[in-house]
Each structure stands twice: as structure tokens, then as C-alpha cells.
Amino acid sequence: MQTAARGRRGNAGRPKTGKPNPIDVHVGSRVRLRRTLLGMSQEKLGEAIGLTFQQVQKYERGANRIGASRLFDLSRVLDVPVSFFFDDMPAGVDFTDDEEPMHAAEDKPTGGYEPDPMAKRETLELVRAYYRINDSSVRKRLFELTKAVANAGSFEAAE
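Counting from 1, residues in each chain are numbered in the order their sequence is written. Local features are withheld for residues below a pLDDT of 70 in this predicted model, meaning they are given only at 70 or higher, and side-chain atom pairs are given and counted only at 80 or more; totals for whole chains, interfaces and linings count all residues. The basis for every side-chain value is the complete set of non-hydrogen atoms in the structure, without hydrogens or water.

Q: Please give an account of the overall build of the chain that cites residues and values.
A: Within the chain, the secondary structure is distributed over seven helices and zero strands. Helix and strand definitions follow DSSP, with helices as H or I runs of at least four residues and strands as E runs of at least two, each counted in order from the N terminus. Going from the N terminus to the C terminus, the chain shows its helices and strands as α-α-α-α-α-α-α. Summary of the burial criterion: residues with accessible area below 20% of their type's maximum are buried, those above 50% are exposed, and those between are partly exposed, where the area comes from a 1.4 Å probe applied to protein chains only. For the chain, buried positions account for 29% of its 159 residues. Considering only intrachain contacts with a sequence separation of at least 6, the fraction spanning at least 24 residues in the chain is 60%. Note on areas: these come from Shrake-Rupley sampling with a 1.4 Å probe, and a residue is covered only by the protein chains present in the view. Of the accessible surface of the chain, which amounts to about 10900 Å², a share of 54% is contributed by carbon and sulfur atoms. Contacts between residues were defined by any pair of non-hydrogen atoms, one from each residue, lying within 4.5 Å.

Set out below in C-alpha cells:
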């Protein structure tokens, strides 16, 4: 009886499509976001928690699920509360069915889970560069300029 229960676990939590669970992808992207914002390499993070950088890569992609104790270790090393990894969870992630977690977008023709734009390298590099600007008035003017350019693009698209 016990072997049957163990055998059931094999694919639990992973959609039949073979794609990573959207929750695992989100948690992994939050690990990557924080690691990158700290300027820490995958290798350094791995060393800090006793893993190889390849394992850190798998966690960040959502290919491997992060267990509770490992998530706790990551929260300590990355200096964030465990809840940080679940912040900004995308709408449409189904928490009710452990066998086949789904993302609402999977039903749409665009298909699949879209990673958080905040986890993109370009965004992270931009944020780090922005905070390296020492003069707060220059930083504020750059912020206002960026908003103005973005709003101008939205305004032109509407016309």
C-alpha cells in the first residue's frame, strides 16, 4: 500500500504538457530577481546554500520545485521574507488542483505562461544602473523623462 502512494507522486504538480508548474516558474523568477538585484551570481548563491549553479538555474527556470526548507535557506541568504517569493503571483494560477495546476492563459491562443517582465535581465540592469546614479535630482529627472517618453508612446498609439 505504501509503494502505491509513493508511486503516485511522480508527476504531481506538473501539467501534462510537461511544462513547469506556473507557481514554480514564478517562485524561481523571484529568486532570480532578488539574486540579480543583489548582484550575486548563480554560483555564489549555490555555494551559500550548498548547491551547484546548475541546480540554481533549474530552480530559477521553474524546472525543479523548491522545497520548503530550501526556500527558507534562500530567504535567509537573499535577505527577504519567504513571502517575497510568492509576491505578485500572476492572476489565473489555479491553487485548487494539485494534480494539474493551470494558468488561465493556457486556454487562450497566445498559449502558455508569460514570465514576469520584472525578471528580465534588461529590467534588472536598468534598475541597478538607475540606483547607481548618486545625484538624487538627476535620478528624479531621469525618472520623469522615462515616464514622459512612455506616456508619449501610449498617446501616439491611441491616435
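Q: Describe a nonpolar patch on the surface, listing the residues and the values that go with them.
A: Where nonpolar side chains cluster on the molecular surface, the patch consists of F72, V82 and F86 and spans about 250 Å² of accessible area. Positionally, F72 belongs in helix α5 (residues 68–77). For F72, a relative accessible area of 45% translates into the label partly exposed. Exposure above 30% relative accessible area and the absence of a salt bridge qualify a residue for a patch, where like charges join within 9 Å and nonpolar side chains (Val, Leu, Ile, Met, Phe, Trp, Tyr) within 5 Å. Definition used for salt bridges: Asp or Glu carboxyl oxygen within 4 Å of a side-chain nitrogen of Lys or Arg.

Q: Account for the pattern of salt bridges, naming residues and giving values.
A: Working definition: two side chains of opposite charge can pair if their charged atoms are close together. For the structure on display, the rule yields seven salt bridges. In this structure, D88 and R30 form a salt bridge, with 3.4 Å as the shortest nitrogen-oxygen distance. Taken together, the residues span a long stretch of sequence, with D88 in the loop between α5 and α6 (121–132) and R30 in helix α2 (residues 22–37) at a distance of 58 residues. Note on D88: relative accessible area 60%, which makes it exposed. With a relative accessible area of 6%, R30 lands in the buried category. A salt bridge links R35 to E60, with the nearest nitrogen and oxygen atoms 2.6 Å apart. Within this pair, whereas R35 is found in helix α2, its partner E60 is found in helix α4 (residues 53–61), the two being separated by 25 residues in sequence. When its relative accessible area of 7% is taken as the criterion, R35 is described as buried. Each of R30, D87 and D88 takes part in a single network of salt bridges with overlapping partners.

Q: I'd love a proper account of the nonpolar core, names of residues and values included.
A: Counting residues in hydrophobic clusters, the biggest one holds 17 residues, and the most contacted among them are V27, V31, L45, I66, L74, L78 and F85. Those elements giving two or more residues to this core turn out to be α2, α3 (42–49), α4 and α5. Looking at this core element by element, the count peaks at four residues for α2. The contacts of L74, once residues within four sequence positions are left out, are V31, L45, I49, I66, D79 and F85. Nonpolar cores were defined as sets of buried Ala, Val, Leu, Ile, Met, Phe, Trp, Tyr and Cys residues, with membership established by side-chain atoms within 4.5 Å.

Everything listed here is a matter of coordinates, which is why it stays silent on function.
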